[in-house]
Amino acid sequence: MDFIWRTRKTLRSRRNTEARWPAPREAGRIDPPIQPLREKINRITHELEIQDSKYAFTSKIWPSLRDEYDIMREGLEKLCKNALGSKNIKSQVQSRTKTADSIKASLDRREKVLPKHQKQFENFSEIFNAIHDLVGVRIILEYPDDIQKAIRFIEETFQKERDPVVFQFDREVGQHWKTWFGAYQTLNYRLRLKNDKSETLSQFRGVLFEIQLTTIAEHLYNKFAHPLLYKDSGGTLSRQDEMVIDMSHGISLCYSLCLMYMKEKLGKDSDKIQDKDILLAETNSFHQNLTRETSFDTFANPEGLATAIDIPPEAYKSAADLREWIDGKINDILTEVRSTSQTIREAVLSKLPVAEGAAFDSHAEEHNARCHPDTRTELLSQIQNWANDSQAENIFWLNGMAGTGKSTISRTVAKSFADSGLLGASFFFKRGEGDRGKAARVFPTIASQLVCTIPTLAPYVRKAIDTNPAVPTKVLRDQFEELVRKPLNCIQYTTTLVIVIDALDECDGDNDVRNIISILARAHTQPSGRLRVFITSRPELPIRLGFKDVRGRYQGLALHQVPEPIVEQDIFTFLEYELARIRNESNSQALEGLELPLDWPGNHVIRTLAQMAVPLFIFAATVCRFIGDRCSDPADQLEKVLQYQMKTHDSELDKLNATYLPVLNQLIIGRNNPQKNRLLAEFRNVVGPIVLLAEPLSVSSLAQLLNFSPKAIHSKLNSLHSVLDVPSQLDAPVRLFHLSFRDFLVDPTKSTTNDFWIDETKYHKTLADRCLQVINPHLRRDICNLQMPGKLRSEVDQRTIDTALPPEIQYACQYWIHHLKESRGSVQDWGLVHSFLRSHLLHWLEALSLIGRISESIGMVDDLLALSVYAVEISGFLRDIRRFILSSRSIIDIAPLQVYASALVFSPTHSITRDIFKHEIPKWITSGPIVEENWNACRQTLEGHSHRVSSVAFSPDSNLVVSGSGDNTVKIWDVATGHCTQTLEGHSHSVGSVASVSSVAFSPDSNLVTLEGHSGSVRSVAKIPYRLEYGIVDNKWITRGSENWLWLPPGCRGTCSAVAASTIAIGCLSGHVLIITVATDNYN
């Protein structure tokens, strides 16, 4: 049985832009056109003045023609259904009318293949000829042997513009996978209505449309394969994609066989065996093909896929039963494919360092306000129009002073875009929330969210990370290029994709802020879709300068430009809603007769509050939290707020007084001076550290860090729920509702007028001292009890780390130097810092490694050096520590306990750090290698090349160094941190050349070895055979048994090695031979 539809004509594949074919609309919904459609087309196209024909067609012409084309579509679908049914051709008929976005996408693709002298479509006639499928009808035949009858119907009923475009099964498809089952088969007809046919559709004569003819087996395959195949326009498919497409086609063809067998069985003799034998033979062949190759580079299970197409049971007696069975089998494959995609997605997400809580819908942002539906309506509409306007700039910058509601607008915008499917990602900066203030986390976090939003991105982001695992820590521009822009270019998305970035002014680093703006301004070059970026910030100088650099490439709006009456009315609406809620909640709990009046507090009072607030929405939000305090009477609380009415008219800063003083004054009102002073001191001692923390801590962690009881801290915070987010759980973090509360408390101009003023310098000093005091007794060697010196950090369970290093200890390890720097103190010889480093330097570095922050230690040491200008001894110690970290940072990051082994053993003999901590060198190293006496001019070793480095050069600013290697790559390195920021590939020959040399040999008794006189590289060493308890793996690790024990720095790795019992010899390219002696019975 020839079940595959074949034809001799071979043409290249053309992809259909329509991903779905909607059901017909209700008949009679649109009145028939008064004039023939062809005449209307001619009239409209000639009346319009052409400037941009593509834009004019999609925005003006098509909307005026769409209804007539819909009527045409419905008529054609009905005509085909009736005619095919009358000819006893079993089929499904679907139809669709193109959307404006689909037309634009088609025109964009066709413009790419226009002749070089023609850059775009010059008139509307060219567009109508190019887009001949404005209406399309798809005929899906249930049985392939009806194809010839369907072809005769089409050619007798319609006028062919040309021969049909034939897509053959044997055309070339796939780049990574040789298909077994061929390509999608179909005939595409370009047609018009015949003059003597179908009088009911006569008004549509002369108008082009398309009919696609295929079979149900091919249609089932195409429903699944088409979305994957269509990605090829934005980037090649992966091997996994192509493999799954091929397998789905195989199953669809089996379906075709089954249908034909059932047709024969039902229509003729049910015992006829010939077709059944063919079915069995073809399906068994499919099984063999499917399981023939076992080395799939995918998570898909070929055996499981083969099982999914077992022969259908004999009990099935109808085509409907068979269809239900085969659909279930196809779903089995889809389930496995989805599982595979999920595995890839999880692998990608695990490698992206993200800022927890930065997304608009994270738990950290869950209880923060959105705009009331009746507020900010014009502004929100303007933002929505910007996102939908294909001609708009790709950045919208909304700026305004603190407390004007920018973040509330951002959350509302993000939620709106998420609901409409336009939101790609969001990043809400927040100073004092750890990684949420770091520029280095922005693009990895955005990439992570994009992978979740658009799962098809995952393979391309994974490829970027696999190619360069350090890409999430590279310079910001490379992060954006590799993790965001390039992956987006590799997929097909034709709609708008919006990224929301809130509070950019709270990003650490002025230069990073300008850099982010510059990078995002270039995103308008996305070729496949519209990438939009919505940014909010205060109008601070670095941000203004950043946007000045990209003038003309963004759309801006300042909130102070919004007319004050509109702002006042919006605040009035918000207050009216919130105060009504407070009234209703209060009355539901009040005793009878003590309820608030139903019209409380009245429009006049609400208007007064709104006028007090303008333009600060934070005033309104804080006042509502204060009035709604369940421990107080709302009417009394309202009166306290209104007492500040006259204090809100002098300046915007005074409005912060009226925002926060009603809350804070309740702590001291009615107290005598001694009581007042005591309460203020207690307030400062608890709240001062909280508002200055680099990231929020829970009450229990604050108690440990500040040396207060949890009960004492909670009692101080209990009356501050209006300004602080104080959770009911002791282990949940305490957060500021708004950064303006911190601004209000630490404003130096209010030091004599604000009773609650907090001296930043003093409390940073307090925090620095307390950090050292809590980690001093806590830190110790091997704090997680790893035992094995080569244990990798990636192998340590996070719960083990969190148990050994609770949150307050992790915080203190990361931020004690930050607080010391902000306290503007100094580091003294033999002071607290000096003593801590002499006792716990290695323990501290181990802890930083365990929490993934060892790279930040270099900057921390630089900060200490800046604070120790006049302290001779500790300055020398700190410079030595810096060299110590730079030389071993990479291995300490990978294996924390190597800070006691490799880092010490390979340090110079006169290193201050080595001398102080030589007692920490493992006792199983009885004799270390011969090393240099002092740190040489090599400040650090940059690892990454797989071949000899033959050339280097510095950038003009000395911040970067470039290296060329025999591995055919050029690498760019950050001089300060040692990170590889970029790898340039593509050289066909090595960058430089290498020469090789020499050998060494041992005497038979193993007592003599030549160690000197090598002018070239040592190529080999030899020793007599011995029991190999120790060994060398990958030229990087000295191992004991199967465990890694001692890491070899790059300068100590050789071209060869030999082991004899407890002695290890390593021959190096430098011409040196290292001899290391280790113990055979000591594991400490």
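Bear in mind the structure is a predicted one, so any value in this text is a computation, not a measurement.

Draft legend 1. Just the overall build of the protein, in detail. Along the backbone of the protein there are 34 helices and 23 strands. Sorting the 1084 residues of the protein into buried and exposed places 53% on the buried side. Relative to all contacts within the protein whose residues are 6 or more apart in sequence, the contacts with residues 24 or more apart total 72%. When the accessible surface of the protein is summed, it comes to about 50000 Å², and 49% of that surface belongs to carbon and sulfur atoms.

Draft legend 2. Summary view of the sheet that holds strand 20 (residues 1043–1047). Read from one edge to the other, the open sheet built from three strands follows the order 18-19-20, with strand pairing classed as antiparallel. Both edges of this open sheet fall to strand 18 (1030–1033) and strand 20, since each of them pairs with a single strand only. Across the sheet, the mean angle from the axis of one strand to that of its neighbour is 40°, orientation sign disregarded. By the bridge criterion, four bridges tie strand 19 (residues 1037–1040) to strand 20 in an arrangement that is antiparallel. Paired with Arg 1040 across the strands is Glu 1043, a residue of strand 20.

Draft legend 3. Structural detail: the pairing of strand 9 (residues 496–502). Counting buried positions along strand 9 gives seven out of seven residues, so the element sits mostly inside the fold. Covered by surrounding structure in strand 9 are Thr 496, Val 498, Val 500 and Asp 502 together with Leu 497, Ile 499 and Ile 501, the residues of both alternating faces. In terms of strand pairing, strand 8 (residues 423–428) meets strand 9 through five bridges, oriented parallel. Counterpart to Phe 427 in the pairing with strand 9 is Ile 501. Where strand 9 meets strand 10 (residues 530–537), six bridges bridge the pair, whose relative direction is parallel. Looking at strand 10, one finds that Val 498 is bridged to Arg 532.

Draft legend 4. How the structure looks around the sheet that holds strand 10. Pairing is parallel in the open sheet, where five strands are placed in the order 8-9-10-7-11. For this open sheet the edge positions go to strand 8 and strand 11 (555–558), each flanked by a neighbour on one side alone. On average, adjacent strands in this sheet sit at an angle of 10° to one another, irrespective of strand direction.

Draft legend 5. Here's a closer look at the environment of Val 533. You can see Val 533 is positioned in strand 10. Sequence separation of Val 533 and Ser 426 is 107 residues, and the distance between their C-alpha atoms is 9.5 Å.

Draft legend 6. Molecular detail of unusual backbone geometry. Residues Trp 600 and Pro 601 are joined by a peptide bond in cis, for which omega reads 0°. Mapped onto the fold, Pro 601 is located in the loop between helix 18 (564–589) and helix 19 (603–613). Of the consecutive residues Val 614 and Pro 615, the connecting peptide bond is found in the cis state with omega at 0°. As for its position among the elements, Pro 615 is in the loop between helix 19 and helix 20 (617–627). With a phi angle near 55°, Arg 376 is a residue other than glycine that sits in the positive phi range. With respect to the helices and strands, the residue Arg 376 is situated in the loop between helix 10 (319–350) and helix 11 (377–388). Residue classification places Arg 376 among the buried residues on the basis of a relative accessible area of 5%. Even without a glycine there, the phi angle at Asn 707 is positive, about 65°. Examined against the element boundaries, Asn 707 turns out to sit in the loop between helix 24 (699–706) and helix 25 (710–717). Classification of Asn 707 by relative accessible area gives exposed; the value is 57%.

Draft legend 7. Quick look at the nonpolar core. Judged by nonpolar contacts, the single largest core of 167 residues is most densely connected at Leu 717, Leu 745, Trp 816, Leu 837 and Trp 844. With 10 residues, the single largest contributor to this core is helix 30 (residues 832–850). Non-local contacts of Trp 844, meaning those with residues more than four positions away in its chain, are made with Leu 779, Cys 813, Trp 816, Ile 817, Phe 836, Leu 837 and Met 860. In terms of nonpolar packing, the next biggest core, distinct from the first, is built from 49 residues, Ala 439, Ala 447, Ala 458 and Val 513 among them.

Draft legend 8. Helix 16 (residues 510–521), seen in detail. Along its 12 residues, helix 16 runs 17 Å from first to last C-alpha, staying within 8% of the 16 Å computed at 1.5 Å per residue. Burial in helix 16 covers these residues: Val 513, Ile 516, Ile 517, Ile 519, Leu 520 and Ala 521.

Draft legend 9. Quick look at the pairing of strand 5 (residues 186–193). Along strand 5, eight of the eight residues are buried, which leaves the element largely enclosed by surrounding structure. The alternating pattern of strand 5 places Thr 186, Asn 188, Arg 190 and Arg 192 on one face and Leu 187, Tyr 189, Leu 191 and Leu 193 on the opposite face, and all of these are buried. Relative to strand 5, strand 3 (residues 158–160) is paired through three bridges, and the arrangement is antiparallel. The residue bridging Lys 160 from the neighbouring strand is Leu 191, located in strand 5. Sheet topology note: the strand 4 (residues 165–167)/strand 5 ladder contains three bridges and is antiparallel. Of the residues in strand 5, the one forming a bridge with Val 166 is Leu 187.

Draft legend 10. Structural detail: the packing of helix 11 against helix 12 (residues 406–419). The interhelical angle for the contact between helix 11 and helix 12, taken along N-to-C directions, is 45°, at an axis separation of 11 Å. Taken as axis vectors, helix 11 and helix 12 run oblique relative to one another. In this structure, the crossing between helix 11 and helix 12 has a hand that is right-handed. For the pair formed by helix 11 and helix 12, the contact residues are Leu 379, Leu 380, Ile 383, Gln 384 and Ala 387 on the first element and Ile 409, Thr 412, Val 413, Ser 416 and Phe 417 on the second.

Draft legend 11. Examining the packing of aromatic side chains more closely. Under the criterion given, the structure shown has 18 aromatic pairs. For the ring pair Tyr 660 and Phe 744, a centre distance of 5.6 Å and an interplane angle of 35° mean the geometry is tilted. With Tyr 660 in helix 22 (residues 652–664) and Phe 744 in helix 26 (residues 739–746), this residue pair connects regions lying 84 residues apart in the sequence. Geometrically, the ring pair formed by Trp 816 and Phe 836 is edge-to-face, given 5.4 Å between the ring centres and 75° between the ring planes. Pair noted here: Trp 816 is in helix 29 (residues 807–822) and Phe 836 is in helix 30, with a separation of 20 residues, a long-range link. Per residue, the accessibility class of Trp 816 equals that of Phe 836, and both read buried. Among the aromatic residues, those joined into a ring-pair cluster are Phe 153, Phe 158 and Phe 209. Positioned above the aromatic ring of Phe 737, the side-chain terminus of Arg 625 is 3.9 Å from the ring centre. Of note, Arg 1040 hangs over the ring of Trp 1045, and the distance from its end group to the ring centre comes to 5.5 Å.

Draft legend 12. Quick peek at the pattern of salt bridges. Evaluated as defined, the whole model comprises 40 salt bridges. Close ionic contact of Asp 743 with Arg 538 constitutes a salt bridge, the shortest N to O distance being 3.0 Å. With Asp 743 in helix 26 and Arg 538 in the loop between strand 10 and helix 17 (541–549), this pair connects stretches of sequence that are 205 residues apart. Of the residues examined, Asp 743 reaches a relative accessible area of 23% and is grouped as partly exposed. Glu 682 is the salt-bridge partner of Lys 716, the closest N and O atoms lying 3.5 Å from each other. With Lys 716 in helix 25 and Glu 682 in helix 23 (residues 673–692), the pair connects residues that are 34 residues apart, well separated along the chain. Residue classification places Lys 716 among the partly exposed positions, given a relative accessible area of 26%. Taking the relative accessible area as the measure of exposure, Glu 682 reaches 23% and is therefore partly exposed. Three or more residues joined by partner-sharing salt bridges are found here, namely Arg 66, Asp 70, Arg 73, Glu 74, Glu 77 and Lys 81.

Draft legend 13. Summary view of the side chain of Asp 133. Mapped onto the elements, Asp 133 comes out in the loop between helix 4 (124–130) and strand 2 (135–141). The buried category is assigned to Asp 133, whose relative accessible area is 3%.

Draft legend 14. Inspection of the confidence of the model for the protein at higher detail. Looking at the protein, pLDDT values average 78 and 73% of them are 70 or higher. In the model of the protein, helix 9 (residues 302–307) stands out as the element of lowest mean pLDDT, 44, in contrast to helix 30, which has the highest, 95. Across residues 268–276, confidence stays below pLDDT 50; counting only partners more than four residues off in sequence or on other chains, it has nine contacts. Considering only residues more than four positions removed or in separate chains, one finds that residues 286–309, a stretch of pLDDT under 50, has 47 contacts.

Criteria and thresholds
Residues numbered from 1 in each chain as written. Predicted model: local features only at pLDDT ≥ 70, side-chain atom pairs only at ≥ 80, totals over all residues. Heavy atoms only, no water. Helix = DSSP H or I, 4+ residues; strand = E, 2+ residues; numbered from the N terminus. Buried < 20%, exposed > 50% of the residue type's maximum accessible area, 1.4 Å probe, protein only. Contact = heavy atoms within 4.5 Å. Areas by Shrake-Rupley, 256 points an atom, 1.4 Å probe, with all protein chains shown as cover. Pairing = 2+ DSSP bridges. Axes fitted to C-alpha atoms, helices over the stretch in contact; angles between N-to-C directions. Core = buried A, V, L, I, M, F, W, Y, C linked by side-chain atoms within 4.5 Å. Expected span 1.5 Å × (residues − 1). Parallel < 35°, antiparallel > 145°, perpendicular 65-115°, else oblique. Left-handed = near helix turned anticlockwise from the far one by under 90°. Phe/Tyr/Trp six-rings, centres within 6.5 Å; stacked < 30°, edge-to-face > 60°. Lys NZ or Arg CZ within 6 Å of the ring centre and 35° of its normal. Salt bridge = Lys/Arg side-chain N within 4 Å of Asp/Glu carboxyl O. pLDDT = per-residue confidence, 0-100.

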